[in-house]
Amino acid sequence: MSIIKKFPIYLIRVGMGYATISTPDSSEDSPKYAVLLFSEENYAEDFLTSAELENAEVRYVRDERELARVLVPQPKPVTSVVLDAKFESDGQHLSMTCISIQDMLTKHLLKARCPWDYPVYFLEMPDGNFAGIRAVVPTEKPKPENLSDSHTHSEIKNEAPKTEHTSSCETPNHTSLEVKMETHAGTKMENIVALFTSHQKAKEYRQRMKKASGIQIFAVHTPISLCEILQEMNGKVYAVALDPTIDENGIHKTPQCLTTEKFLATFLLY
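Residues numbered from 1 in each chain as written. Predicted model: local features only at pLDDT ≥ 70, side-chain atom pairs only at ≥ 80, totals over all residues. Heavy atoms only, no water.

**Q** Explanation requested: the overall build of the protein in the structure shown.
**A** Scanning the protein for helices and strands turns up seven helices and 20 strands. Per-residue burial over the protein gives 42% buried out of 270 residues. Within the protein, counting contacts between residues at least 6 apart in sequence, those at least 24 apart form 71% of the total. For the protein, the accessible surface area stands at approximately 14500 Å², while carbon and sulfur atoms represent 47% of it. (Helix = DSSP H or I, 4+ residues; strand = E, 2+ residues; numbered from the N terminus. Buried < 20%, exposed > 50% of the residue type's maximum accessible area, 1.4 Å probe, protein only. Contact = heavy atoms within 4.5 Å. Areas by Shrake-Rupley, 256 points an atom, 1.4 Å probe, with all protein chains shown as cover.)

**Q** Would you take a moment to explain the pattern of salt bridges for this structure?
**A** Two side chains that carry opposite charge are able to pair once their charged atoms sit near each other. Taken as a whole and assessed by the stated rule, the structure comprises nine salt bridges. Between Lys 32 and Asp 25 there is a salt bridge whose closest N-O contact spans 3.5 Å. (Salt bridge = Lys/Arg side-chain N within 4 Å of Asp/Glu carboxyl O.)

**Q** What is the right way to read the nonpolar core from this model?
**A** For soluble globular proteins, the rule of thumb is that nonpolar side chains tend to be buried together. Counting 22 residues, the largest nonpolar core has Trp 116, Phe 122, Leu 226, Leu 230, Phe 263 and Leu 268 as its most contacted members. The set of elements that each furnish at least two residues to this core consists of strand 10 (120-124), strand 15 (187-195), helix 6 (223-233), strand 17 (239-242) and helix 7 (260-267). Per element, the largest residue contribution to this core is five residues, and it comes from helix 6. The residues contacting Phe 263, other than those within four sequence positions of it, are Trp 116, Leu 195, Leu 226, Leu 230, Val 240, Leu 258 and Leu 268. Ranked by size, the runner-up nonpolar core spans 19 residues in total, among them Ala 194, Phe 196, Ile 215 and Tyr 238. (Core = buried A, V, L, I, M, F, W, Y, C linked by side-chain atoms within 4.5 Å.)

**Q** Please clarify how helix 2 (residues 64-71) should be interpreted in this entry.
**A** Because an α-helix packs 3.6 residues into every turn, residues spaced three or four apart end up facing the same way. Across the eight residues that make up helix 2, a large majority, six, are buried. Those residues of helix 2 that fall on the buried side of the exposure criterion are Glu 64, Glu 66, Leu 67, Ala 68, Val 70 and Leu 71. Where helix 2 is buried, its residues meet strand 1 (9-14), strand 2 (17-18), strand 4 (33-37), strand 5 (56-61), strand 6 (78-83) and helix 3 (101-108). The opening residue of helix 2 is Asp 63, an N-cap whose side-chain oxygen sits 3.2 Å from the backbone nitrogen of Arg 65. (Polar contact = N/O pair within 3.5 Å; in protein donor to acceptor, adjacent residues only side chain to side chain.)

**Q** What is the right way to look at unusual backbone geometry in this model?
**A** Both trends apply: most residues other than glycine have a negative phi, and most peptide bonds are in trans. Cis geometry is adopted by the peptide bond preceding Pro 8, which originates at Phe 7 and carries an omega value of 10°. Note that Pro 8 resides in the segment before strand 1. A cis amide bond links Tyr 118 with the next residue in sequence, Pro 119, at an omega value of 10°. For Pro 119, the position within the fold is in the loop between helix 3 and strand 10. Its identity is not glycine, yet Asp 84 carries a phi of approximately 60°, on the positive side. Of note, Asp 84 is situated in the loop between strand 6 and strand 7 (86-87). The backbone phi angle of Asp 243 is positive, close to 50°, even though this residue is not glycine.

**Q** Explain helix 3 here, please?
**A** Along helix 3, the residues classified as buried are Ile 101, Met 104, Leu 105 and His 108. All buried residues of helix 3 project into a common sector of 120° when viewed along the axis, lining one side. (Arc of directions from axis to C-beta.)

**Q** When you look at the sheet that holds strand 2 in this model, what are you seeing that I'm missing?
**A** Hydrogen bonding along the main chain pairs the strands of a sheet, whether they run parallel or antiparallel. Spatial strand order, 2-1-5: three strands in an open sheet with antiparallel pairing. Both outer strands of the open sheet, strand 2 and strand 5, are each paired with one neighbouring strand and no more. Across six bridges, strand 1 lies against strand 5 in antiparallel orientation. What sits directly across from Val 14, in strand 5, is Ala 56. (Pairing = 2+ DSSP bridges.)

**Q** Sorry, what's going on with the sheet that holds strand 9 (residues 98-100) here?
**A** Spatial strand order, 3-4-6-9: four strands in an open sheet with mixed pairing. Since the sheet does not close on itself, it has two edges, and those belong to strand 3 (20-22) and strand 9, each with one partner. Between one strand axis and the next, the sheet turns by 40° as a mean value, whatever way the strands run. Judged from the three bridges that link them, strand 6 and strand 9 form a sheet pairing that is antiparallel. Among the inter-strand pairings, Val 82 is bridged to a residue of strand 9, identified as Cys 98. The strands touched by helix 3 within the sheet are strand 4, strand 6 and strand 9, with strand 9 carrying the most contacts at an inclination of about 75°. (Axes fitted to C-alpha atoms, helices over the stretch in contact; angles between N-to-C directions.)

**Q** Help me understand the packing of helix 6 against helix 7, please; the structure alone is not making it clear to me.
**A** Packed helices, taken two at a time, are described by their axes: the angle between them and the distance between them. Contact geometry for helix 6 and helix 7: axes closest at 10 Å, N-to-C directions at 155°. Classified by the angle between their axes, helix 6 and helix 7 sit roughly antiparallel to one another. Seen from above, helix 6 lies across helix 7 with left-handed handedness. For the pair helix 6 and helix 7, the contacting residues are Leu 226, Cys 227, Leu 230 and Gln 231 in the first and Thr 260, Phe 263 and Leu 264 in the second. Among the residues making up the contact of helix 6 with helix 7, the classes are represented as five nonpolar, two polar and no charged. (Parallel < 35°, antiparallel > 145°, perpendicular 65-115°, else oblique. Left-handed = near helix turned anticlockwise from the far one by under 90°. Nonpolar A, V, L, I, M, F, W, Y, C, P; charged D, E, K, R; others polar.)

Functional significance is not addressed by these values, which are geometric in nature.
Right under this line is the structure:
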């Protein structure tokens, strides 16, 4: 669970940088510093006053991505962050708990790892499963680069996983759309779930489905919720197609298609 419960988060701007403090494991031979973060503006103001910092002012960041942009370029001696540091009653000693910047970025700022904003959307079928594509994939485990689409815009039928036939799609009462195609040696049929980064994209995809009646747009509001959904699917759903579309010939296209395992590891797990 993230130590950041809400945004904005407050920092103390000093000159061209942000206020830091020596970490407990810092030494003269190996100095280490932590960026000061505060969950409330008055906490930052109180610290600024107690520390008697000159030419300093309280600033804020609005979300995880803005905070990540502050932390990533920090110079090498700045290794950690500290949240809500405060002076003890003697006015001399500090109460603080440090977290490494690496842990902060990978364990507590999950949204900063995703190239999209939340919520994201699935299409929920009448039976409670999520819509997607049923496609031909290799029976042997494919190399990751065959699944991570590096083109600006590609068709699933030209990548692994493949949908090689252009006939129209039907919507059966199960996890995926049924793409009318034949398997051949070295391939098998697998489910690929459709995930959308905007409500409009989900709506447009639903409009092109042949049997769209009863299909609802299902919003997922946090990375943790998305992670839980995909972990439950892992092993049942082969891959995740991001923002797929259906063209006039019934061919499904997507800018990116990753195995469920790879999608989780890239964007949601640490």
